[in-house]
Protein chains: 2
Amino acid sequence: MSIEAKNRRIYVLRIGHRPERDKRVTTHVGLVARAFGADGMIIGDVIDEKIVSKIKDVCEKWGRQDFYVISGVNSVKYVREWKGKGGIIVHLTMYGLHIDDVIDNIRRDPRDILVIVGASKVPRFFYEVADFNVAIGNQPHSEIAALAIFLDRLFEGRELHFIFSDAKICIEPSPKGKKVTMCGREGEGQEHQ
Amino acid sequence: MSIEAKNRRIYVLRIGHRPERDKRVTTHVGLVARAFGADGMIIGDVIDEKIVSKIKDVCEKWGRQDFYVISGVNSVKYVREWKGKGGIIVHLTMYGLHIDDVIDNIRRDPRDILVIVGASKVPRFFYEVADFNVAIGNQPHSEIAALAIFLDRLFEGRELHFIFSDAKICIEPSPKGKKVTMCGREGEGQEHQ
């Protein structure tokens, strides 16, 4: 299915990002957001143009040039405006309600979703403003894994089949090697290693 | 269900780890391995006692003191020995076969699984030695997300309900706050923030 068939907008707000310490983790958050069918990632409160540019490069090559990515946005203001426009807030936290107990309600709700993922300690404001505090299991693990599982459950696995129609290069699944093709041009596959 | 009900051993081999660059990502790989029901993580070829100790600390507090974690193991030798003992190798790579096309075969196979996740460029040896090169969608994203989705599919979501019987502290799922309890002692929950 084409990703355009989605019926609501989903953005990811990354809060508490510390540029040196979190650069790779926040990059993975952005790449997962893009690959798993969210529509954008906002890095709250901190400017980090390197990550923005890295994710835009991936979109340019692998598709989803419409994926929105920006840093340095005031998180509290953004969240308030999101709610003001009628969207809902899902905060991923190990302290929240188990995803299996809330995902059906979230999926049925037609409103746009802002998914908040924290790095360092998350201020109480975000727990309180969230419509859903959701735990991907109540164990410490990773905000990257949490985001992936949340989007996977939301889309019921369909996100791993989304086609990004503006991709320049694509992978042809292979049992042993690496096959990369110019998208849509069959027979041009090359073995890479 | 208790994690002890699993009928096969699953280890994660992290290859290509670069201590400075990958410390947080590799830590997340280990935490996901533990939380999502694998039995251990091996950091190949590079000694990194800080990560080993960090993950052991989490096991000490949150349970799974039997979770095996070690660094500095020769990856090629380890993989060969794993196969020699009759285990299978699953290598997670965006170039592999789509997880939806292979997961049933992997789940049905009763043998122990070594899951390989790479950081930097993965040598061809690992593609060739793998029984399954598996793509969690053929898009660039994150080895942390890939591992989480792989284990989630393997356990069909049951891993998010595993009970770790030796946990010292547990979370009581909460719609707004943070409730941490001494495990198994009801009524001792405290509100944290």
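As a reminder, the structure under discussion sits directly above these lines.
Note that the structure is a prediction, hence the values are computed from the model and not measured.

**Here we look at the overall build of chain A**
Part 1 of the argument: Looking only at helices and strands, chain A features six helices and nine strands.
Part 2 of the argument: Principal axes of the C-alpha set define a box for chain A whose edges measure 55 × 35 × 35 Å.
Part 3 of the argument: In chain A, which comprises 193 residues, the proportion classed as buried is 59%.
Part 4 of the argument: Charged side chains of chain A number 30 positive and 27 negative; the gap between the two group centres comes to 3 Å.

**Notes on the relation of the copies chain B and chain A**
Part 1 of the argument: Of the transformation placing chain B onto chain A, the axial shift is 0.0 Å and the rotation is 180°, giving an RMSD of 0.0 Å. Given the turn and translation reported, the copies of this chain are related as if by a two-fold rotation axis. By C-alpha distance to the rotation axis, the residue of chain B lying nearest is Ala-145 of chain B, at 2.3 Å.
Part 2 of the argument: The residues that chain B uses at the interface reappear at the interface of chain A in 98% of cases, marking a shared surface.

**A look at the state of the cysteines**
All names here are of chain A.
Part 1 of the argument: The full count for this structure, using the stated rule, is two disulfides over all chains.
Part 2 of the argument: At a sulfur-sulfur separation of 2.0 Å, the disulfide partner of Cys-170 is Cys-183. Residues Cys-170 and Cys-183 are joined by a disulfide whose S-S torsion is about 110°; by sign, that bridge is right-handed. A residue pair is termed long-range when its members are at least 10 positions apart, and Cys-170 in strand β7 (residues 169-171) and Cys-183 in the loop between β8 (178-182) and β9 (190-192) qualify at 13 residues.
Part 3 of the argument: Exposure remark for Cys-183: the relative accessible area of 22% places this residue in the partly exposed category.
Part 4 of the argument: Free of any disulfide, Cys-59 has its nearest cysteine sulfur in Cys-183, 14 Å distant.

**A look at the pattern of salt bridges**
Residue and element names in this part refer to chain B.
Part 1 of the argument: Within the structure shown, the criterion is met by 32 salt bridges over all chains.
Part 2 of the argument: Arg-111 is the partner of Asp-109 in a salt bridge, and the nearest nitrogen-oxygen pair spans 2.8 Å.
Part 3 of the argument: Residue class for Asp-109 comes out buried when judged on its relative accessible area of 14%.

**Considering helix α3 (residues 75-84) of chain B**
Residue and element names in this part refer to chain B.
Part 1 of the argument: The set of residues buried in α3 consists of Ser-75, Tyr-78, Val-79 and Trp-82. The arc enclosing the buried residues of α3, seen along the axis, measures out at 95°, which places them on a common side. Among the exposed residues of α3, those pointing more than 90 degrees away from its buried face are Lys-77, Arg-80 and Gly-84.
Part 2 of the argument: Buried positions along α3 lie against β1 (10-15), β2 (40-44), β3 (68-73), β4 (88-98), β5 (113-118) and α5 (124-129).
Part 3 of the argument: The opening residue of α3 is Asn-74, an N-cap whose side-chain oxygen sits 3.1 Å from the backbone nitrogen of Val-76.
Part 4 of the argument: Positive backbone phi, at 95°, marks Gly-86, one or two positions downstream of α3.

**Some remarks on the packing of aromatic side chains**
Part 1 of the argument: Enumeration over the complete set of coordinates arrives at ten aromatic pairs over all chains.
Part 2 of the argument: Measuring from centroid to centroid gives 5.7 Å for Tyr-11 of chain A and Trp-82 of chain A, while their planes differ by 65°, and the two rings are edge-to-face. With a gap of 71 residues between them, Tyr-11 of chain A in strand β1 (residues 10-15) and Trp-82 of chain A in helix α3 (residues 75-84) connect regions that are remote in the sequence. Accessibility classification places Tyr-11 of chain A together with Trp-82 of chain A in one group, the buried group.
Part 3 of the argument: Measuring from centroid to centroid gives 5.8 Å for Tyr-11 of chain B and Tyr-68 of chain B, while their planes differ by 70°, and the two rings are edge-to-face. Taken as a pair, Tyr-11 of chain B in strand β1 and Tyr-68 of chain B in strand β3 lie far apart in primary sequence, 57 residues in all.
Part 4 of the argument: The partly exposed category is assigned to Tyr-68 of chain B, whose relative accessible area is 36%.
Part 5 of the argument: Among the aromatic residues, those joined into a cluster by ring pairs are Tyr-11, Tyr-68, Tyr-78 and Trp-82 of chain A.
Part 6 of the argument: Just above the ring of Phe-164 of chain A sits the side chain of Arg-64 of chain A; from NZ or CZ to the centre is 5.4 Å.

Analysis parameters
- Residues numbered from 1 in each chain as written.
- Chains lettered and ligands numbered in written order.
- Predicted model: local features only at pLDDT ≥ 70, side-chain atom pairs only at ≥ 80, totals over all residues.
- Heavy atoms only, no water.
- Helix = DSSP H or I, 4+ residues; strand = E, 2+ residues; numbered from the N terminus.
- Buried < 20%, exposed > 50% of the residue type's maximum accessible area, 1.4 Å probe, protein only.
- Lys, Arg positive; Asp, Glu negative; His and termini not counted.
- Charge placed at Lys NZ, Arg CZ, Asp CG, Glu CD.
- Least-squares fit on C-alpha atoms with pLDDT ≥ 70 in both.
- Contact = heavy atoms within 4.5 Å.
- Disulfide = S-S within 2.5 Å.
- Salt bridge = Lys/Arg side-chain N within 4 Å of Asp/Glu carboxyl O.
- Arc of directions from axis to C-beta.
- Polar contact = N/O pair within 3.5 Å; in protein donor to acceptor, adjacent residues only side chain to side chain.
- Phe/Tyr/Trp six-rings, centres within 6.5 Å; stacked < 30°, edge-to-face > 60°.
- Lys NZ or Arg CZ within 6 Å of the ring centre and 35° of its normal.

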